[in-house]
There are 2 protein chains.
Amino acid sequence: MKLKMMYSFLNSDINLIEKKLEETIQPESLLLRQASRHTLQAGGKRIRPVFVLLAGKFGQYDIHRMKNVAVALELIHMASLVHDDVIDDADIRRGQPTVKSKWDNKIAMYTGDYVFALALELMTNIENPLAHKILANTIVEVTVGEIQQIKDKYRFSQNFRDYLRRIRRKTALLIAVSCQLGAIAAHVDESIHKKLFLFGYYVGMSFQITDDILDFTATEKELGKPAGSDLLQGNITAPVLYAMENCEVRKKIEKVNENTMPSEMEDIIQLIKQSGAIEKSISLSDQYLKKALTILAELPENRAKKALRDIAKYIGRRKF
Amino acid sequence: MKLKMMYSFLNSDINLIEKKLEETIQPESLLLRQASRHTLQAGGKRIRPVFVLLAGKFGQYDIHRMKNVAVALELIHMASLVHDDVIDDADIRRGQPTVKSKWDNKIAMYTGDYVFALALELMTNIENPLAHKILANTIVEVTVGEIQQIKDKYRFSQNFRDYLRRIRRKTALLIAVSCQLGAIAAHVDESIHKKLFLFGYYVGMSFQITDDILDFTATEKELGKPAGSDLLQGNITAPVLYAMENCEVRKKIEKVNENTMPSEMEDIIQLIKQSGAIEKSISLSDQYLKKALTILAELPENRAKKALRDIAKYIGRRKF
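Residues numbered from 1 in each chain as written. Chains lettered and ligands numbered in written order. Predicted model: local features only at pLDDT ≥ 70, side-chain atom pairs only at ≥ 80, totals over all residues. Heavy atoms only, no water.

Colleague: Give a description of the overall build of chain A that names residues and reports values.
Modeller: Along the backbone of chain A there are 16 helices and two strands. Structurally, chain A occupies a C-alpha span of about 55 × 50 × 35 Å along its principal axes. For chain A, the proportion of its 320 residues judged to be buried stands at 61%. Total accessible area on chain A is roughly 13000 Å²; 50% of this is exposed by carbon and sulfur atoms. Taking the 47 positively charged and 40 negatively charged side chains of chain A as two groups, their mean positions are separated by 4 Å. (Helix = DSSP H or I, 4+ residues; strand = E, 2+ residues; numbered from the N terminus. Buried < 20%, exposed > 50% of the residue type's maximum accessible area, 1.4 Å probe, protein only. Areas by Shrake-Rupley, 256 points an atom, 1.4 Å probe, with all protein chains shown as cover. Lys, Arg positive; Asp, Glu negative; His and termini not counted. Charge placed at Lys NZ, Arg CZ, Asp CG, Glu CD.)

Colleague: Report on the pattern of salt bridges, specifying residues and quantitative values.
Modeller: In the structure shown here, the tally under the stated rule is 32 salt bridges over all chains. Residue B:E248 is joined to B:K251 by a salt bridge in which the shortest nitrogen-to-oxygen separation is 3.7 Å. Separated by three residues within a single helix, B:E248 and B:K251 lie in helix α13 (residues 247–253), roughly one turn from each other. Judged by its relative accessible area of 54%, B:E248 falls in the exposed class. Among the residues examined, B:K251 registers a relative accessible area of 51% and is labelled exposed. Across the pair B:D310 and B:K306 runs a salt bridge whose closest N-O atoms are separated by 2.9 Å. Here B:D310 pairs with B:K306, and both are found in helix α16 (residues 303–317), just four residues apart, close to one helical turn. With relative accessibility at 17%, the residue B:D310 sits in the buried group. One continuous salt-bridge network, built from bridges that share partners, spans A:D152, A:R155, A:D162 and A:R166. (Salt bridge = Lys/Arg side-chain N within 4 Å of Asp/Glu carboxyl O.)

Colleague: Lay out the interface of chain A and chain B with the relevant residues and their values.
Modeller: Contacts between the two partners involve 41 residues from chain A and, on the opposite side, 41 residues from chain B. At the boundary of chain A with chain B, total buried surface from both sides reaches about 3800 Å², with 69% on carbon and sulfur atoms. Joining chain A to chain B, the criterion identifies eight residue pairs in polar contact (both at pLDDT 80 or more). Among the elements that take part in the side of chain A that touches chain B, helix α7 (residues 129–152) of chain A stands out by supplying 14 residues, more than any other. Tallied by class, the residues present in the side of chain A that touches chain B amount to 20 nonpolar, nine polar and 12 charged. (Contact = heavy atoms within 4.5 Å. Buried area = accessible area lost by both parts, 1.4 Å probe. Polar contact = N/O pair within 3.5 Å; in protein donor to acceptor, adjacent residues only side chain to side chain. Nonpolar A, V, L, I, M, F, W, Y, C, P; charged D, E, K, R; others polar.)

Colleague: Give me the packing of aromatic side chains: which residues, what numbers.
Modeller: Throughout the structure, instances matching the rule amount to 11 aromatic pairs over all chains. Seen in terms of ring centroids, B:F160 and B:Y163 are 5.9 Å apart; in terms of plane orientation they differ by 90°. Their pairing is edge-to-face. Residue B:F160 and its partner B:Y163 are both found in helix α8 (residues 160–185); the two are separated by three residues, about one turn of the helix. Take B:Y163: its relative accessible area is 1%, and that puts it in the buried class. Among the aromatic side chains, those forming a connected cluster through ring pairs are A:F160, A:Y163 and A:Y242. (Phe/Tyr/Trp six-rings, centres within 6.5 Å; stacked < 30°, edge-to-face > 60°.)

Colleague: Go over helix α14 (residues 265–274) of chain A, please, and point to the residues and values.
Modeller: Residue and element names in this part refer to chain A. All buried positions along α14 are accounted for by M265, I268, I269 and I272. Down the axis of α14, the buried set is contained in an arc of 100°. They therefore lie on one face. Of the exposed residues in α14, those oriented more than 90 degrees away from the buried face are E266, D267 and Q274. Tucked into the core, α14 has its buried residues touching α9 (190–217), α11 (229–232), α12 (238–243), α13 (247–253) and α15 (277–297). Of the residues trailing α14, G276 is marked for its positive phi of about 90°. (Arc of directions from axis to C-beta.)

The structure is reproduced here in structure tokens:
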């Protein structure tokens, strides 16, 4: 089943979100409009808006209130990608040139700032102070994680705790908060929105681990960037950490640095694949997915719950 | 009279703000702590917190509510400086190396993001939705201005409208909002907080024009950076625009570009000083200052009003 089919009952609302995303990014500056819309049009799964809307279905769902949260969360995600590409020196994302490569790092820095500011502006339509507290705390965590990510680059002595903390801040928290804020915007009870937070958190962990696996197992065409890009950029992920448990493999991996050529990665990718690291990473992702489904089972039955279950399974086990 | 003497009745509250600023920036990451505290310790006049507190004196002033706004506004200002230094390739600010020169552009980008996120976190202590709407709109304007600033660099065909719009977004809006949000946090009536906004706006315009004059008239020691730095970085300010009204001077100014050496600036600084541009710029700054004082006169008499008047005159006419 295709991802979009899992929440087809939301189709008209998802289209509204897409329209609102387009409308929101309308600065008078041509440069800013081009740079920020470029990011928008590079696509993505819009998974955060989908989670926001589905979580809202557990309460008093009003699309005109929900859309602010859904669009805000997607914009925050986009803004963080634009800044990430600066740090990663990434020229390609989702098969498209990045803002930093199409323009430059400075434009990318301010484009990210601008898109983020738009998200804040939308969020002011939500008057519940709790929503703002949760979002602000999350953003602090995300920025702390971003700096940590720079420090952890090519640091082969890091352990699984470092990795898990990093993906928590980089991915899982924002997905968790998408679920929680969607619920809060729909006036859902605390006991429910806290469970939705946890569900999103576990799904986010599983999602990122899967992403980190795919960086080795998917093709360049599927990824929209060369395989092994993460490691080449110094990002040490689950498959790398598992592979490094073997001393011989570790020695070879540790040689990767800023000057390693993409062509040199092929042998290392093969080594990692043969080390059993991929299977171990899949098992780790599955553990988080199971936790997500366990929490979800505690929530009231409805159409949104079924969709969340399908999506969780899909993104935790997707092939690309 | 020294600036600090003008609001000596706020001394203990200002000390509290300074302490809260220190406390707020306490990330577990050593790098982030160093980079962000470095910015904090580089000093500054803390003019935004002072305006927040003084505006609060027009209403129900509770320092424990006020301090959140005061610290948040200073942090937003600091975050924007850290990002500005990346754009300006500035190695020195206030006589101290910048984050981007002491570390690098990437660290500076994320340090700015982090400091900004802390500001948002503090602001969530203010539950009035209006405060959040005003702040978010302002931040959007500021980020739009930042991109415009990049586009306007070395663009000698720009006019006064471009310049005024730029300094509005770069400086005046955040000072205006400091006044307005300080008032709103103290539950001041709309008619008053709107006047405080306007007062802050005009003071901010006068302040930035004065800053732009001082870049030519003050000494390197007073500025904490070489004179003429703004123009060298491509920032075209009031004195430059006035000086360019003379065709001969214009021809020489238009030769400034990314490759101009600081030593080549001396002649141009002299030309600008001799062109009458400084006097015209002072007169422009004075016009805004007068508007600020006119608005202020409409507000109820109190100690804070007197302090705002003194500060406005001081920062509009300061010598460095």
